[in-house]
Amino acid sequence: QVQLVESGGGLVQPGGSLRLSCAASGFTFTDYVMKWYRQAPGKERELVASITPISRRTNYADAVKGRFTISRDNVQNTVYLQMNSLKPEDTAVYYCNVFLTSTNYWGQGTQVTVSS
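Let us look at the structure shown here.

Definitions and limits used
- Residues numbered from 1 in each chain as written.
- Predicted model: local features only at pLDDT ≥ 70, side-chain atom pairs only at ≥ 80, totals over all residues.
- Heavy atoms only, no water.
- Core = buried A, V, L, I, M, F, W, Y, C linked by side-chain atoms within 4.5 Å.
- Buried < 20%, exposed > 50% of the residue type's maximum accessible area, 1.4 Å probe, protein only.
- Helix = DSSP H or I, 4+ residues; strand = E, 2+ residues; numbered from the N terminus.
- Contact = heavy atoms within 4.5 Å.
- Disulfide = S-S within 2.5 Å.
- Phe/Tyr/Trp six-rings, centres within 6.5 Å; stacked < 30°, edge-to-face > 60°.
- Lys NZ or Arg CZ within 6 Å of the ring centre and 35° of its normal.
- Pairing = 2+ DSSP bridges.

So, on to the nonpolar core. Counting residues in hydrophobic clusters, the biggest one holds 29 residues, and the most contacted among them are Phe27, Met34, Trp36, Val79, Leu81, Met83 and Tyr94. For this core, the elements supplying multiple residues, two or more each, are strand S3 (18–25), strand S4 (34–39), strand S5 (46–51), strand S7 (68–73), strand S8 (78–83), strand S9 (92–100) and strand S11 (110–114). Residue contributions to this core peak at five residues, all from S9. Excluding its chain neighbours within four sequence positions, the residues that come into contact with Tyr94 are Glu6, Leu20, Trp36, Tyr37, Arg38, Val48, Phe68, Leu81, Met83, Gly109, Thr110 and Val112.

Shown next, in the form of C-alpha cells:
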C-alpha cells in the first residue's frame, strides 16, 4: 500500500533553515509528481511546492519562492523540502502528497514551528 513518511520538522528561529524528508513506498515513485503541502492552525491546507518525476521540473507557491527548494532522489524514493530564511508565517504542519489512481495520499505530517 502507498506510504508516505515525513521527517525533519522542529522548532527553528526566524531566519533559520530546516530540511524535510518524505520517504515513499508502495508505488512506482518515478511515475508520479510529488508535492509538499502545509496547513497552519485555522487555515486551509495549501500547496507549497511540486516536482515532476523525471525532468524534475519544479513549481512553488509565491510565498516560498526563493526560500524553499523541492528535490527528489529517485533511487531512494525520497522527496525533500529545503527551507531557508524561515519566517513565523511558515509555521504549519507540512505534508507530503502524491495523487495516483484518482486518490490523494498523504503522510502523517511534520510540525514546523518558526519562533524566537
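For the rest of this paragraph, the subject is the state of the cysteines. Taken as a whole, this structure holds one disulfide when the rule is applied. Two residues share a disulfide in this structure: Cys22 and Cys96, whose sulfurs sit 2.1 Å from each other. Across the S-S bond of Cys22 and Cys96 the torsion is about -80 degrees, and the bridge reads as left-handed. Taken as a pair, Cys22 in strand S3 and Cys96 in strand S9 lie far apart in primary sequence, 74 residues in all. For Cys22, a relative accessible area of 0% gives the class buried. Of the residues examined, Cys96 reaches a relative accessible area of 0% and is grouped as buried.

Take the packing of aromatic side chains next. Here the structure, examined in full by the defined rule, presents four aromatic pairs. Above the ring of Trp106, the side-chain terminus of Arg45 is found at 4.4 Å from the ring centroid. Above the face of the Phe29 ring, Arg72 is positioned so that its terminal group lies 4.3 Å from the ring centre.

Right, let's talk about the pairing of strand S10 (residues 103–106) for a bit. Bridge count for S9 against S10 is four bridges, and the pairing is antiparallel. By the bridge assignment for S10, Phe99 is matched with Asn104. Connecting S9 to the next strand, S10, in antiparallel fashion are two residues, including Thr101 with a positive phi near 45 degrees.

Right, let's talk about the pairing of S11 for a bit. Along S11, the buried face is formed by Thr110, Val112 and Val114; none of Gln111 and Thr113, which line the opposite face, is buried. Relative to S11, strand S2 (residues 10–12) runs parallel, the two being bridged by three bridges. Residue pairing in the sheet places Leu11 in a bridge with Thr113 of S11. The pairing of S9 with S11 spans three bridges and is antiparallel. Looking at the pairing, Tyr94 lines up with Thr110 of S11.

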